[in-house]
Amino acid sequence: MNIYHISAECYPIAKVGGLGDVVGALPKYQNKIGETSSVIMPFYNNKFTQSHTFKRVFSGRFNLGRPFGFDILTLEDNTLGYDLYLVHIPELLYTDYVYSSNDTNRFLGFQIATLDWLVQLEKKPDIVHCHDHHTGLIPFMMSQSYAYHKLRTTPTVVTIHNGQYQGWFSHNKIHLIPPFDFSKAGLLDWKHLINPLASAIKCAWKVTTVSPNYMEELKYAANGLEDLLRYESGKCVGILNGIDDKVWDPATDDNLIQNYSLKTVVSGKKANKQWLCKEFNLNPELPLFAFIGRLVGEKGADLLPQIFHNSLVHKNLSIIMLGSGDSSVEHQLDQLKYQHPGHYNNYIGYNERLAHIVYAAADFLVMPSRVEPCGLNQMYALRYGTVPIVNKVGGLKDTVQDFDDNGFGILHDGATVHEGSFAIHRAINFYNDADRFKKNRNLIMKIDHSWDSSAQAYINLYNSLIL
Ligand code: ADP
């Protein structure tokens, strides 16, 4: 089966969050099963594109108010485990960022160029798999735009990694979409705007979300798309994300200060913790709590300053925070450094290597998320022997069970300061029960969250669409 994943992000080429991790791993595992799975993404101006060489496989021109030239590039030497195609539109996509305020035109151009290339391929795709709203107009264009008539019978799948962001834009820009029968314009619309995510839900052959529980939650809270998702529920299914267990393996992860396996976890985690605590002036003798992520409301980031402060006053823990986002949250968190020296520190920004070290060094990872479509951090934490403390939402509910309920993590019921603070209190008691804590660590490192079974679940879904 010839599968094309189309996405704005793909690790290690360009990653902002979980979308990049998923698109960088899923095709690799699908190829392992024996399918032919490739990735199409924008050619950004970043470290990866600057340090690799590419060859051109196609050139074209499309209209987006005026003509734009583009190339489809592929890697000269590819060790990624899947074919990679980069859409190079110098005037739209060749930027040192992934997202910006001009994304309507940037990603419209990306989608049009992608289809201009796919439609003329001798070997037609068997499946076109779109990810999030940046590629959400592809199912509409494939089924309705005259230029892509040849792709009309190719099945499309859209995966919702985050339903909060939908890519809305005004109907004034409808002329930018390659010509189609105007009586079908309703397929683009949701609440008087062109809504790429809504359009994808209407037009794709199947809709998936990144965990079963998130699929259910979206029917009641989907930033305005609840009714649509309920109406289309017959073609919707939740498939839990996996993790790339080659990239995220404490035994081989070359980001770590010291590698470790189940047998060497005590000394391995200790070495990483000592390095991190020295680097950030934290007490390494105390249980180390961590947060890694975007500082936004969805992640419950606004709760962190107070949750951390409530816990830090007891002076019985250390906390490291790695993230960036809302500037007022950044500021409040940064202030904690001065109030609790030796017990709290942070790195405001994005740092892939440091994230790996933090997963390895920490004893607990906190995720007081309000919305969590799947959440990868808790799965990385488990693999690195770090106990997740999570609010019971979305994929967190699917992947973490409470240690007092025959489980292995800490669950709280509600994204509130009280729930988050009490969960940390429970975690410290758990940590102090050394035998139980040690046994639990061995247990969580053995949990298999690799992509093997979910990659197969996607293949089964595609098979159900191929006539
Ligand atoms: P999101 O909603 O942000 O996509 P996920 O849990 O699905 O959340 O994925 C988050 C990914 O981004 C993880 O790989 C996590 O380690 C990484 N990440 C988030 N913030 C940072 C940061 N500041 N530095 C390094 N990695 C980060």
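Residues numbered from 1 in each chain as written. Predicted model: local features only at pLDDT ≥ 70, side-chain atom pairs only at ≥ 80, totals over all residues. Heavy atoms only, no water.

The name that an unreviewed UniProt entry assigns to the protein is Glycogen synthase, with the source organism given as Gelidibacter pelagius. Quoted verbatim from the Pathway (unreviewed entry) field of UniProt, the annotation for the protein is "Glycan biosynthesis; glycogen biosynthesis." Taken directly from UniProt, the Sequence similarities (unreviewed entry) text for the protein runs: "Belongs to the glycosyltransferase 1 family. Bacterial/plant glycogen synthase subfamily." (UniProt positions renumbered as here; feature names shortened; annotations may be inferred.)

In this section: unusual backbone geometry. Cis geometry is adopted by the peptide bond preceding P12, which originates at Y11 and carries an omega value of 10 degrees. With respect to the helices and strands, the residue P12 is situated in the loop between β1 (2-6) and α1 (18-33). A positive phi angle, near 50 degrees, is found at N281, a position not held by glycine. Relative to the assigned elements, N281 resides in the loop between α8 (265-279) and β12 (288-295). A relative accessible area of 55% places N281 in the exposed class. You will see that N406, though not glycine, has its phi angle at about 65 degrees, which is positive. A relative accessible area of 83% places N406 in the exposed class. (Helix = DSSP H or I, 4+ residues; strand = E, 2+ residues; numbered from the N terminus. Buried < 20%, exposed > 50% of the residue type's maximum accessible area, 1.4 Å probe, protein only.)

Another point: the sheet that holds strand β17 (residues 410-412). One open sheet accounts for 6 strands, arranged β14-β13-β12-β15-β16-β17; its pairing is parallel. What marks the edges here is a single partner per strand, and that holds for β14 (344-348) and β17. Strand-to-strand, the axes of this sheet are offset by a mean angle of 15 degrees, without reference to chain direction. Inspection of the sheet shows strand β13 (residues 318-325) paired to β14 by 5 bridges, in the parallel sense. Its bridge partner being in β14, M321 is matched across the sheet by N346. (Pairing = 2+ DSSP bridges. Axes fitted to C-alpha atoms, helices over the stretch in contact; angles between N-to-C directions.)

Quantified by volume, the second largest pocket comes out at close to 380 Å³. Secondary-structure elements contributing two or more residues to the lining of the second largest pocket are α8 and α15 (434-445). The leading source of residues in the lining of the second largest pocket is α8, at 5 residues. Tallied by class, residues from the lining of the second largest pocket come to 5 nonpolar, 1 polar and 7 charged. (1 Å grid on protein atoms, 1.4 Å probe; cavity = no way out; pocket = protein on both sides within 12 Å on 5 of 7 lines; lining within 4 Å. Points joined across faces, edges and corners; volume = space filled by probe spheres on them. Nonpolar A, V, L, I, M, F, W, Y, C, P; charged D, E, K, R; others polar.)

The next thing to look at is the site of the ligand. Taken together, 20 residues surround the ligand, and among them K15, G18, D21, R294 and Y359 come closest. Here G349 contributes a backbone N or O atom positioned 2.8 Å from a nitrogen atom of the ligand. Interatomic distance of 3.1 Å between a side-chain N/O atom of N377 and an oxygen atom of the ligand. Relative to its unbound accessible surface of 570 Å², the ligand loses 92% to contact with the protein. Elements with a contribution of two residues or more to the shell around the ligand: α1, β12, β13, α11 (352-361) and α12 (377-383). Per-class residue counts for the shell around the ligand are 7 nonpolar, 8 polar and 5 charged. (Near = heavy atom within 4 Å. Polar contact = N/O pair within 3.5 Å; in protein donor to acceptor, adjacent residues only side chain to side chain. Areas by Shrake-Rupley, 256 points an atom, 1.4 Å probe, with all protein chains shown as cover.)

A few words on the domain arrangement of the protein. When its domains are assigned, the protein resolves into domain 1 (2-242 + 451-465) and domain 2 (265-444). Just the C-alpha atoms count here: the centres of domain 1 and domain 2 sit 33 Å apart. In this assembly, domain 1 packs against domain 2 so that about 1400 Å² is buried in total across both faces, 55% of it on carbon and sulfur atoms. The largest share of the area that domain 1 buries against domain 2 comes from K15, N213 and L240, three residues that together contribute 27% of it. Inspection of the domain 1/domain 2 interface yields 1 salt bridge. Across the pair E352 and K15 runs a salt bridge whose closest N-O atoms are separated by 3.3 Å. (Domains from an automatic or database assignment. Buried area = accessible area lost by both parts, 1.4 Å probe. Salt bridge = Lys/Arg side-chain N within 4 Å of Asp/Glu carboxyl O.)

UniProt's feature table lists "domain: Glycosyl transferase family" (unreviewed entry) at residues 279-440, given in the numbering used throughout. For residues 279-440, the end-to-end C-alpha separation is 28 Å, with 43% helix and 20% strand making up the annotated structure.

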